[in-house]
Amino acid sequence: MSQQLTRRKFLKTSAALGWGITLSSVARAADAKAASSKRGKRVYIMTDTEGVAGILDSENWCKPEGRYYDLGKELLTAEVNAAIAGFARAGATEFLVADGHGHGGINPKLLDPRAELARNWSPPPYPFSLDDSFGYVACVGQHAMSRTEHAHLAHTGSFGVFETTINGTAVGEFGEMALCAMQLGVRYIFGSGDLAFTKEAQALLPGIETVAVKRGTTPGRGDECDRDAYAKRNLAAIHAQPQRARAMIAAGAERALRRAKSDASFGILTLKPPFERVTILRRQAGQPKRIGRSNHPGDGIALMNAPMKYEVLKE
Ligand SMILES: [Zn+2]
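If you're wondering where the values come from, they're calculated on a predicted model, not measured in any experiment.

Asker: Pulling in residues and values, what's your account of the overall build of the protein?
Answerer: Regarding its fold elements, the protein presents nine helices and 12 strands. Each of the 315 residues in the protein was classed as buried or not, and the buried ones make up 44%.

Asker: Can you break down the packing of helix 5 (residues 173-184) against helix 6 (residues 195-204) residue by residue, with the values?
Answerer: In the contact formed by helix 5 and helix 6, the axes pass within 10 Å of each other and the chain directions differ by 35°. Where helix 5 crosses over helix 6, the handedness of that crossing is right-handed. Listed contacts from helix 6 to F174, G175 and A178 of helix 5 are F197, E200, A201 and L204. For the contact of helix 5 with helix 6, the per-class residue count stands at five nonpolar, one polar and one charged.

Asker: Break down the sheet that holds strand 6 (residues 169-170) for me, with residues and values.
Answerer: In spatial order, the strands read 6-5-10-11-12; together these five strands make up an open sheet with antiparallel pairing. What marks the edges here is a single partner per strand, and that holds for strand 6 and strand 12 (309-312). In the sheet, strand 5 (residues 161-166) pairs with strand 6 via two bridges, with the strands oriented antiparallel. Along strand 6, the bridge assignment pairs T165 with A170.

Asker: Residue-level account of helix 8 (residues 242-262), with values.
Answerer: The end-to-end C-alpha separation of helix 8 is 31 Å, in line with the 30 Å expected for 21 residues at 1.5 Å each. Along helix 8, the positions that sit buried rather than exposed are A245, R246, I249, A250, G252, A253, E254, A256, L257 and A260.

Asker: Explain the sheet that holds strand 7 (residues 187-194) to me, using residue names and the numbers behind them.
Answerer: The seven strands lie next to each other as 3-2-1-4-7-8-9, forming an open sheet whose pairing is mixed. Each having just a single partner strand, strand 3 (115-118) and strand 9 (237-239) make up the two edges of the open sheet. Going from strand to strand, the sheet's axes swing by 25° on average, the running direction of each strand aside. Judged from the six bridges that link them, strand 1 (residues 42-47) and strand 2 (residues 94-99) form a sheet pairing that is parallel. In the strand pairing of strand 2, V43 is matched with F95. On top of the sheet, helix 4 (residues 69-89) reaches strand 1, strand 2, strand 3, strand 4 (136-142) and strand 7; it is set at about 150° to strand 4, its chief contact. Across the sheet, helix 6 is in contact with strand 4, strand 7 and strand 8 (209-216); its angle to strand 7 comes to roughly 160°.

Asker: Can you explain the pairing of strand 2? Please cite residues and give values.
Answerer: Two faces belong to every sheet, and in a regular strand the side chains alternate between them. The buried fraction of strand 2 is high, at five of six residues. Strand direction decides the pairing type here: strand 2 and strand 3, joined by four bridges, are parallel. Its bridge partner lying in strand 3, L96 is registered against E116.

Asker: Could you give an account of helix 5, with specific residues and numbers?
Answerer: For helix 5, which comprises 12 residues, the first-to-last C-alpha distance of 17 Å matches the rise-based estimate of 16 Å (1.5 Å per residue) to within 8%. The buried fraction of helix 5 is high, at 11 of 12 residues. Within the sequence span of helix 5, burial applies to E173, F174, G175, E176, M177, A178, L179, C180, A181, M182 and Q183. Check the buried side of helix 5 and you find it contacts strand 1, strand 4, strand 5, strand 7, helix 6 and helix 9 (300-305).

Asker: Tell me about unusual backbone geometry, residues and numbers included.
Answerer: For the bond running from P123 to P124, omega is 0°, close enough to zero to count as cis. Along the chain, the position of P124 falls in the loop between strand 3 and strand 4. With omega at 5°, the peptide bond leading from P273 into P274 counts as cis. Counting through the fold element by element, P274 comes out in the loop between helix 8 and strand 10 (275-281). Even without a glycine there, the phi angle at R147 is positive, about 80°.

Asker: Could you give an account of the nonpolar core, with specific residues and numbers?
Answerer: In terms of nonpolar packing, the biggest core is built from 73 residues, with I45, A83, V137, A138 and A178 touching the most fellow members. The leading source of residues in this core is helix 4, at 10 residues. Ignoring any residue separated from it by four or fewer positions in sequence, one finds A83 in contact with I45, A138, V140, S192, I249, A250 and A253.

Asker: Hey, could you go over the environment of G100 for me, with residue numbers and the actual values?
Answerer: Within the element layout of this structure, G100 appears in the loop between strand 2 and strand 3. Remark: the alpha-carbon pair of G100 and A118, spanning 18 residues in sequence, is separated by 8.7 Å.

Rules behind the numbers
Residues numbered from 1 in each chain as written. Predicted model: local features only at pLDDT ≥ 70, side-chain atom pairs only at ≥ 80, totals over all residues. Helix = DSSP H or I, 4+ residues; strand = E, 2+ residues; numbered from the N terminus. Buried ≥ 20, exposed ≤ 12 C-beta atoms within 10 Å, placed from the backbone. Axes fitted to C-alpha atoms, helices over the stretch in contact; angles between N-to-C directions. Left-handed = near helix turned anticlockwise from the far one by under 90°. Contact = placed C-beta atoms within 7 Å. Nonpolar A, V, L, I, M, F, W, Y, C, P; charged D, E, K, R; others polar. Pairing = 2+ DSSP bridges. Expected span 1.5 Å × (residues − 1). Core = buried A, V, L, I, M, F, W, Y, C linked by C-beta atoms within 7 Å.

Here it is as structure tokens:
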């Protein structure tokens, strides 16, 4: 803040003296350099529970009434700390951890002291405290989108969502945040979760560094399922032991940031405005399948925050 005021005063003085153009552009370049080097040390980490190694189902591990909910939060927090350790080895110094799981998935007491924690967003929620002061975005504990084969606990926002597309491309929670990051000009460089999620991330953002900590083994897409059946569908998986998973995540995060610094070619989604979002809901609570749309001429974050009006889907 004080630096900015000083700069403003300097520019005013230089303009009054008539040599504003040269000096103000020098000052601006210096500011941009300082900002970009600071940005390069700041990493935003979106988190979720269903893509964590050792989190075996949603019922017992991801809900407050579940038997292992607290243990699940410990497992996620430890994976997040592993990512922070990896990014720090590659030079990052500031971290914002967004607790993105609906019921909460981070245990603040166990979180790496270098990190700040974001939670409980006032509406509209997107982009969940991400802004352009960050150089990089990552996610930990991410699961694949709804309809994905061999995905553990796949869903998009909730088990009631059949599919979300943006400009015709199917996206999950990863893609929705990648759209927000694109809007802000922040590169999405790393993600960990189940194997199906890592394939989804690679397909949407080629070159992104990913780490798979488990793999779902249920075949088929589950398109026939209503909400409740889909919630119980993709429980089968083979998990890495959690300590092993953390070692892989730390190594992957370090690799991601080192690579990003020398290779600017990955991490930004290529979706062109205008934007259209279409979400189809599964049959649920006596309701048939429904479809909703929202549009925005140029802002992907505004698109995600736009209210959706649903009508019965005619098939
Ligand atoms: Zn989720």
